[in-house]
Amino acid sequence: DQQVKQNSPSLSVQEGRISILNCDYTNSMFDYFLWYKKYPAEGPTFLISISSIKDKNEDGRFTVFLNKSAKHLSLHIVPSQPGDSAVYFCAANRWGSQGNLIFGKGTKLSVKP
Amino acid sequence: DAGITQSPRYKITETGRQVTLMCHQTWSHSYMFWYRQDLGHGLRLIYYSAAADITDKGEVPDGYVVSRSKTENFPLTLESATRSQTSVYFCASSEHSAYNSPLHFGNGTRLTVT
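Only a predicted model underlies this, so the values are computations on that prediction, with no experimental measurement involved.

> What's the story with the pattern of salt bridges in this structure? I'm lost.
Side chains that carry opposite charge are capable of pairing whenever their charged atoms lie near each other. Applying the stated rule across the entire model yields five salt bridges over all chains. Across the pair Arg-61 of chain A and Asp-84 of chain A runs a salt bridge whose closest N-O atoms are separated by 2.8 Å. In this pair, Arg-61 of chain A is assigned in the loop between strand S6 (56-59) and strand S7 (62-67) and Asp-84 of chain A in the loop between strand S8 (72-77) and strand S9 (86-93), connecting sequence segments 23 residues apart. With its nearest N and O atoms 3.4 Å apart, the salt bridge here joins Arg-17 of chain B to Glu-14 of chain B. The partly exposed category is assigned to Glu-14 of chain B, whose relative accessible area is 44%.

The structure is reproduced here in structure tokens:
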């Protein structure tokens, strides 16, 4: 059973507009969440994270929102740029699980000029 | 060069052969991980290691063997390759555990089993 779900395989956005990528999780024990970005032929790179004690974390154009009651998090990219075109993975972990970071299937973002 | 490197980048092997994928990191990170990426599945954890000589299974360990005799190396061996092991394999490391410590990934090994 999938514990981390990214239900949108792809998203297309115009340059300069907001990109919103969504992620749902089923395990209520998860308390640490991350987003990774992946370009073709490269490994994923860490983008931003959030702990369950927060509901928002910002880093430049990237903001992650966490809604614990809905078991939902989202990544907002404002403004979107063509270089943001990549696959975005949501990942989750829980205290006591040192190694087992669980990833979603990814959402492919295309930002059109 | 500093960082995490995987070799080879591409590998074609036949069913039943043993194949080893290499991973080397220069940061002296404690934790190292092996993931596989498949269409429709995202990234799935195969094995991870908390330190030299300490390894543990992930979500999909069957058919794989790992070892970690030195902190900087974490090879992944497919003892008898099967077509279902055709995938892109990513090695990663983190300074501390995967809990609240970002993983740093290599660029992957694309393995094809014929």
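> Could you clarify how one ought to interpret the interface of chain A and chain B in this entry?
How big an interface is tends to be reported as the loss of accessible area on association of its parts. Each partner contributes to the interface: chain A provides 22 residues, whereas chain B provides 22 residues. Both sides of the chain A and chain B interface together cover about 1800 Å² of buried area, and 63% of this is carbon and sulfur. For the pair chain A and chain B, the number of links is zero salt bridges. Where chain A meets chain B, there are six residue pairs in polar contact (both at pLDDT 80 or more). Those elements giving two or more residues to the side of chain A that touches chain B turn out to be strand S4 (32-38) and S9 of chain A. Ranked by residues supplied to the side of chain A that touches chain B, first place goes to S4 of chain A with four residues. Across the side of chain A that touches chain B, the residue classes break down as 10 nonpolar, seven polar and five charged.

> For this particular structure, what's the right way to read the state of the cysteines?
One covalent bond between the sulfur atoms of two cysteine residues makes up a disulfide. For the structure shown, the criterion picks out two disulfides over all chains. A disulfide bridge connects Cys-23 of chain A with Cys-90 of chain A, and the sulfur atoms are separated by 2.1 Å. Handedness here is read from the sign of the S-S torsion; for Cys-23 of chain A and Cys-90 of chain A, about -75 degrees, the answer is left-handed. Residue Cys-23 of chain A is located in strand S3 (residues 19-25), and its partner Cys-90 of chain A is located in strand S9; the two are separated by 67 residues in the primary sequence. Across the pair, Cys-90 of chain A and Cys-23 of chain A agree in class, each one buried. Paired through a disulfide, Cys-23 of chain B and Cys-91 of chain B show a sulfur-sulfur distance of 1.8 Å. Because the torsion about its S-S bond is -75 degrees, the bridge between Cys-23 of chain B and Cys-91 of chain B counts as left-handed.

> Help me understand the sheet that holds strand S8 (residues 76-78) of chain B, please; the structure alone is not making it clear to me.
Paired through backbone hydrogen bonds, the strands of a sheet run either parallel or antiparallel to each other. Residues and elements named next belong to chain B. Strand order across the open sheet formed by four strands is S1-S3-S8-S7, with antiparallel pairing between neighbours. Whereas interior strands pair on both sides, the edge strands pair on one side only; in this sheet they are strand S1 (4-7) and strand S7 (64-66). The sheet shows a mean angle of 20 degrees between the axes of neighbouring strands, direction not considered. Across three bridges, strand S3 (residues 19-25) lies against S8 in antiparallel orientation. Bridging across to S8, Val-19 finds its partner in Leu-78.

> What is the right way to look at the sheet that holds S7 of chain A in this model?
All names here are of chain A. Spatially, five strands are ordered S1-S3-S8-S7-S6 in an open sheet, and the strand pairing comes out antiparallel. Pairing within the sheet leaves two strands with one partner each, and these edge strands are strand S1 (4-5) and S6. Here S1 runs beside S3; their pairing, made up of two bridges, is antiparallel. Its bridge partner lying in S3, Val-4 is registered against Tyr-25.

> Is there a simple way to think about unusual backbone geometry in this case?
Negative phi values dominate among residues other than glycine, just as trans dominates among peptide bonds. Omega for the peptide link from Val-78 of chain A to Pro-79 of chain A comes to -15 degrees, which places this bond in the cis form. Turning to its location among the elements, Pro-79 of chain A is positioned in the loop between S8 and S9. In the segment running from Ser-7 of chain B into Pro-8 of chain B, the intervening peptide bond is cis, with an omega of -10 degrees. Counting through the fold element by element, Pro-8 of chain B comes out in the loop between S1 and strand S2 (10-13). Even without a glycine there, the phi angle at Ser-28 of chain B is positive, about 65 degrees. Relative to the helices and strands, Ser-28 of chain B is located in the loop between S3 and strand S4 (31-38). Owing to a relative accessible area of 58%, Ser-28 of chain B belongs among the exposed residues under this scheme. The residue Asp-53 of chain B is not glycine, and still its phi comes out positive at about 70 degrees. A residue is classified by how much of its surface remains accessible, and Asp-53 of chain B, at 66% relative accessible area, is exposed.

Calculation criteria
Within every chain, residues take consecutive numbers counted from 1 along the sequence as written. Key to labels: chains lettered from A, ligands numbered from 1, both in the order written. Under the rules for a predicted model, residues below a pLDDT of 70 receive no local features and side-chain atom pairs below 80 are neither given nor counted, while totals for whole chains, interfaces and linings still include all residues. Only hydrogens and water are set aside when side-chain values are computed; all heavy atoms of the structure are taken into account. A pair is scored as a salt bridge if a Lys or Arg side-chain nitrogen falls within 4 Å of a carboxyl oxygen belonging to Asp or Glu. Each helix corresponds to a stretch of at least 4 residues labelled H or I by DSSP, and each strand to a stretch of at least 2 residues labelled E; elements are numbered beginning at the N terminus. Here the term buried applies to any residue with accessible area under 20% of the maximum for its type, exposed to any over 50%, and partly exposed to those in between, with areas from a 1.4 Å probe on protein chains only. Contacts are residue-level and defined by heavy atoms, with any inter-residue pair within 4.5 Å sufficient. Joining two parts hides part of their accessible area as seen by a 1.4 Å probe, and the buried area is that hidden amount summed over both. Between N or O atoms, a polar contact is any pair within 3.5 Å; within protein, one atom must be a potential hydrogen donor and the other a potential acceptor, and residues adjacent in sequence are included only when both atoms are from side chains. In this classification, the charged set is Asp, Glu, Lys and Arg, the nonpolar set is Ala, Val, Leu, Ile, Met, Phe, Trp, Tyr, Cys and Pro, and all remaining amino acids, among them Gly, are polar. Count a disulfide wherever a pair of cysteine sulfur atoms falls within 2.5 Å. DSSP calls a pair of strands paired once it identifies at least 2 bridges connecting them. Each axis is a line fitted through C-alpha atoms, taken for helices only over the stretch in contact, and angles between the N-to-C directions span 0 to 180 degrees.

Everything listed here is a matter of geometry and, on its own, says nothing about what the molecule does.
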